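Analysis of the macromolecular model
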Amino acid sequence: MNIIDILDKSSGKMNKNLEKKLYLPSPRGFCAGVERAIKIVELCSKKYDNPIFVKHEIVHNPWVINNLKNIGVTFVEDLNDIPEGSKAVFSAHGVSKSTLSEAKDRNIPYIDATCPLVFKVHNEAILHHKGGAHIFLIGHYGHPEVEGTIGQVPKGSISLIENMNDVKNLKPSKYGKTALITQTTLSVDDTKEIVEKIKKLFPDIILPSREDICYATTNRQEAVKSIAKKCDILYVIGAENSSNSLRLVEVAKKAGCVKTFLISKIDEVDWQLVAESFSIGLTASASAPEILIEEFISAIKNRYEVEVIKNEVASENISFKIPKELTG
């Protein structure tokens, strides 16, 4: 940047409009489950000759999906769109038991890239059902993770709870033994309120031994809370169909930055709004790659003098094993 542009011509002092503070919290970006799922698809593409088909987006991020399409991966929503004998990968969100059975019946070999923390919830649902409990699942209707979890047990065994209104409509006398599980990518604070309300209605309800909302979701929400009040505007890099991305936006707004926006690429940044702001926050959802953070930083540094302020609220060193079929 030219020094003449930086200095206020009348006073010779730094023009404040060209100075920006960029708050960069961590953890942010890819979690271990997302990294594992993407790696599984990449390894499948290298190892097998036939085209690789992925049921549903492997993770909810357009940058990731486009990259995988570029190496020949095809994404489908219906198993009928996968030719018999072709290799399939099931997404990190998990699938129902009926989907697994259908794949076997149609002679579609598959690798299940379900996040191990989603598997944990699946196993909880199965054990609760075997134990005779009716299950309440806090989550979002239509989300693939929710559909996969509901599909672990017979129809009618799980009641989906989306909000407080759903809780108000519950009639305790209708149920005997009950248990509670949750989607892994919910708002921690909102879910806590719903859980407390359910516990009042069902004092003996069986709760998860460890919280179902995953560590990555919790950490990224805490990270964005730590900067929200300091920011004039805040950008969350993610996707509209990503639950953990949408929750980050909600959490940031509730934590003090009303002007929080979800973007999937740098082209979506409102640079006029950035020009009018002094303190900018930036984070990425658990399904968004760090390269998009780097692109934003590069773009803003090309326009302004930027002080990058990093703020770490937790350290993550978790990794999940790749299936032996791909590592042997």
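One can find the structure itself at the top, above this paragraph.
Below you will find a few notes about this structure.

Quick notes on the rules
Residues numbered from 1 in each chain as written. Predicted model: local features only at pLDDT ≥ 70, side-chain atom pairs only at ≥ 80, totals over all residues. Heavy atoms only, no water. Helix = DSSP H or I, 4+ residues; strand = E, 2+ residues; numbered from the N terminus. Buried < 20%, exposed > 50% of the residue type's maximum accessible area, 1.4 Å probe, protein only. Contact = heavy atoms within 4.5 Å. 1 Å grid on protein atoms, 1.4 Å probe; cavity = no way out; pocket = protein on both sides within 12 Å on 5 of 7 lines; lining within 4 Å. Points joined across faces, edges and corners; volume = space filled by probe spheres on them. Nonpolar A, V, L, I, M, F, W, Y, C, P; charged D, E, K, R; others polar. Salt bridge = Lys/Arg side-chain N within 4 Å of Asp/Glu carboxyl O.

With respect to the helices, strands and loops of the structure, Asn219 is situated in helix α9 (residues 215-228). The exposure class of Asn219 is buried, given its relative accessible area of 16%. Each residue touching Asn219, except ones within four places of it in the same chain, is listed here: Pro27, Val313, Ala314 and Glu316.

Residue Pro27 follows Ser26 across a cis peptide bond; omega there is 10 degrees. Mapped onto the elements, Pro27 comes out in the loop between β1 (19-26) and α2 (32-47). With a phi angle near 70 degrees, His56 is a residue other than glycine that sits in the positive phi range. For His56, the position within the fold is in the loop between β2 (52-55) and α3 (62-69). The backbone phi angle of Asn107 is positive, close to 55 degrees, even though this residue is not glycine. Its location among the elements puts Asn107 in the loop between α4 (97-105) and β5 (110-112).

As a further point, take the layout of surface pockets. If you add up the space inside the largest pocket, you get close to 250 Å³. The wall of the largest pocket is formed by 13 residues, among which Thr191, Lys192, Val195, Pro208 and Glu211 lie closest to the centre. Elements with a minimum of two residues in the lining of the largest pocket: β8 (178-182) and α8 (188-201). Considering each element in turn, the lining of the largest pocket owes the most residues, five residues, to α8. When grouped by side-chain class, the residues that make up the lining of the largest pocket number six nonpolar, two polar and five charged. Approximately 210 Å³ is the volume found for the second largest pocket. Along its surface, the second largest pocket is lined by Leu117, Lys120, Arg210, Glu211, Asp212, Ile213, Cys214, Tyr215, Thr218, Ile318 and Phe320. Counting residues per element, the ones that place at least two in the lining of the second largest pocket are α5 (116-130) and α9. Taken together, the residues of the lining of the second largest pocket break down into six nonpolar, one polar and four charged.

Inspection of the entire model under this criterion finds 10 salt bridges. A salt bridge links Lys87 to Glu325; its shortest N-O distance comes to 2.6 Å. Of this pair, Lys87 sits in strand β4 (residues 87-90) while Glu325 sits in helix α13 (residues 324-327), placing them 238 residues apart in sequence. The class for Lys87 is buried, based on a relative accessible area of 10%.

Any functional reading would require information that these geometric values do not contain.
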